[in-house]
Amino acid sequence: MIRDEIEEILITEEEIQAKCRELGKQITEEYNGRFPLVVGVLKGAMPFMGDLTKRIDTHIEMDFMDVSSYGAGMVSSGEVKIVKDLDTSVEGRDVLILEDIIDSGLTLSYLVKLFHYRKAKTVKVVTLLDKPDGRKIDLVPDMAGFIVPDAFVVGYGLDYAERYRNLPYIGVLKSEIYES
Ligand code: PRP
Ligand code: MN
Ligand code: MG
């Protein structure tokens with residue numbers, strides 16, 4: 001069982017789902033009638049994108065961008081690479097970027113700048129998790145689900161070496177897993 005590799009569950013499946021309903025309501029009110037372009041950042045945002053968008057009760061367009069920090073290490077290298085770009089033009093659009101976590105802030109600050117450069121009308125950020133202790137660049141999300149401590153968290157989109165994304169909860173990985 002994967003659960004045996006998890007030290008502690010930080011945020012349960014029920015808490016995540018309740019947060020998606022709450023954020024979905026907020027997004028519905030804010031973007032009602034504006035047909036925002038909701039951009040999921042692959043791969044981590046995939047489960048959040050699925051659950052949150054189901055709670056938005058106004059028309060949206062969905063698109064995806066695959067960006068990754070260079071290197072496969074645990075620490076972000078600071079360089080961002082576009083693996084897959086959007087299919088849609090953001091020009092004149094209200095763009096809402098969905099992320100699983102903001103750590104250093106480098107991925108999102110890059111995307112926010114890119115979408116402004118491409119002449120988006122507005123660019124806002126909603127993240128499920130915010131890890132303020134990891135920040136290397138000043139970036140404050142417009143909406144955040146939960147604040148997490150500076151621990152190695154996995155699950156619900158967040159991976160360690162591409163594993164654990166499929167967990168329905170957020171947990172702290174046992175140190176023996178990444179030390180071995
Ligand atoms: C992770 C996470 C965020 C980003 C946050 O993605 O999903 O996108 O890092 O870190 P930052 O604030 O320090 O930039 P990653 O680049 O590992 O790709 P993945 O989503 O495919 O796992
Ligand atoms: Mn990611
Ligand atoms: Mg990753």
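Computed from a predicted structure; not experimentally measured.

**A look at the packing of aromatic side chains**
Link 1 in the chain: Throughout the structure, instances matching the rule amount to three aromatic pairs.
Link 2 in the chain: Ring geometry for F152 against Y160: centres 5.5 Å apart, planes inclined by 90°, an arrangement best described as edge-to-face. Grouping residues by exposure puts F152 and Y160 together as buried.
Link 3 in the chain: Each ring, one from F152 and one from Y178, has its centre 5.4 Å from the other, and the planes form 50°; the classification is tilted.

**Thoughts on the sheet that holds strand β2 (residues 37–42)**
Link 1 in the chain: Overall, mixed pairing links the six strands, which are arranged β4-β3-β2-β5-β6-β7 in an open sheet. The open sheet has two edge strands with one neighbour each: β4 (80–84) and β7 (143–147). Averaged over all pairs of adjacent strands, the angle between strand axes in this sheet comes to 25°, irrespective of strand direction.
Link 2 in the chain: Where strand β5 (residues 94–102) lies against strand β6 (residues 122–130), eight bridges are found, and the strand directions are parallel. Counterpart to I101 in the pairing with β6 is L129.
Link 3 in the chain: Relative to the sheet, helix α3 (residues 106–117) contacts β2, β3 (61–69), β4, β5 and β6, its axis offset from that of β5 by approximately 170°.

**Notes on the site of ligand 1**
Link 1 in the chain: Near ligand 1, the surroundings consist of 17 residues, among which E99, D100, S104, G105 and T107 are the closest.
Link 2 in the chain: The side chain of E99 places a nitrogen or oxygen atom 2.5 Å from an oxygen atom of ligand 1.
Link 3 in the chain: Here an oxygen atom of ligand 1 sits 2.8 Å away from a polar atom, N or O, in the main chain of G105.
Link 4 in the chain: When ligand 1 sits alone it has 500 Å² of accessible area, and the protein chains cover 86% of it.
Link 5 in the chain: Those elements that place two or more of their residues in the shell around ligand 1 are β3, β5 and α3.
Link 6 in the chain: Among the elements that line the shell around ligand 1, the one with the most residues is β5, at four residues.
Link 7 in the chain: Taken together, the residues of the shell around ligand 1 sort by class into four nonpolar, seven polar and six charged.

**Brief notes about the packing of helix α1 (residues 13–31) against helix α2 (residues 46–53)**
Each pair of packed helices can be described by the angle between their axes along with the distance between the axes.
Link 1 in the chain: Close contact between α1 and α2 brings their axes to 8 Å; oriented N to C, the two are set at 60°. Looking at the two axes, α1 sits oblique to α2. Judged by the sense of rotation from one axis to the other, the crossing of α1 with α2 is right-handed. Residues Q17, C20, L23, G24 and I27 of α1 form the contact with α2, whose own contacting residues are F48, D51 and L52.
Link 2 in the chain: Partitioning the contact of α1 with α2 into residue classes produces five nonpolar, two polar and one charged.

**Digging into a negative patch on the surface**
Link 1 in the chain: On the surface, a cluster of negative charge is contributed by E7, E8, E176 and E179.
Link 2 in the chain: Those elements that provide at least two residues to the negative patch are β1 (6–11) and α4 (175–179).
Link 3 in the chain: Within the element layout of this structure, E179 appears in helix α4.
Link 4 in the chain: Taking relative accessible area as the criterion, E179 reaches 61% and is therefore assigned exposed.

**Quick look at the pairing of β5**
Link 1 in the chain: Of all nine residues in β5, nine are buried, a share of seventy percent or more.
Link 2 in the chain: Relative to β5, β2 is paired through four bridges, and the arrangement is parallel. Looking at the pairing, V38 lines up with L96 of β5.
Link 3 in the chain: The handedness of the β5 to β6 crossover, carried by α3, is right-handed.

Reading guide: rules and limits
Residues numbered from 1 in each chain as written. Chains lettered and ligands numbered in written order. Predicted model: local features only at pLDDT ≥ 70, side-chain atom pairs only at ≥ 80, totals over all residues. Heavy atoms only, no water. Phe/Tyr/Trp six-rings, centres within 6.5 Å; stacked < 30°, edge-to-face > 60°. Buried < 20%, exposed > 50% of the residue type's maximum accessible area, 1.4 Å probe, protein only. Pairing = 2+ DSSP bridges. Helix = DSSP H or I, 4+ residues; strand = E, 2+ residues; numbered from the N terminus. Axes fitted to C-alpha atoms, helices over the stretch in contact; angles between N-to-C directions. Contact = heavy atoms within 4.5 Å. Near = heavy atom within 4 Å. Polar contact = N/O pair within 3.5 Å; in protein donor to acceptor, adjacent residues only side chain to side chain. Areas by Shrake-Rupley, 256 points an atom, 1.4 Å probe, with all protein chains shown as cover. Nonpolar A, V, L, I, M, F, W, Y, C, P; charged D, E, K, R; others polar. Parallel < 35°, antiparallel > 145°, perpendicular 65-115°, else oblique. Left-handed = near helix turned anticlockwise from the far one by under 90°. Patch = residues over 30% accessible without salt bridge, like charges linked within 9 Å, V, L, I, M, F, W, Y side chains within 5 Å. Salt bridge = Lys/Arg side-chain N within 4 Å of Asp/Glu carboxyl O. Lys, Arg positive; Asp, Glu negative; His and termini not counted. Charge placed at Lys NZ, Arg CZ, Asp CG, Glu CD. Right-handed = clockwise from strand over helix to strand, strands pointing away.

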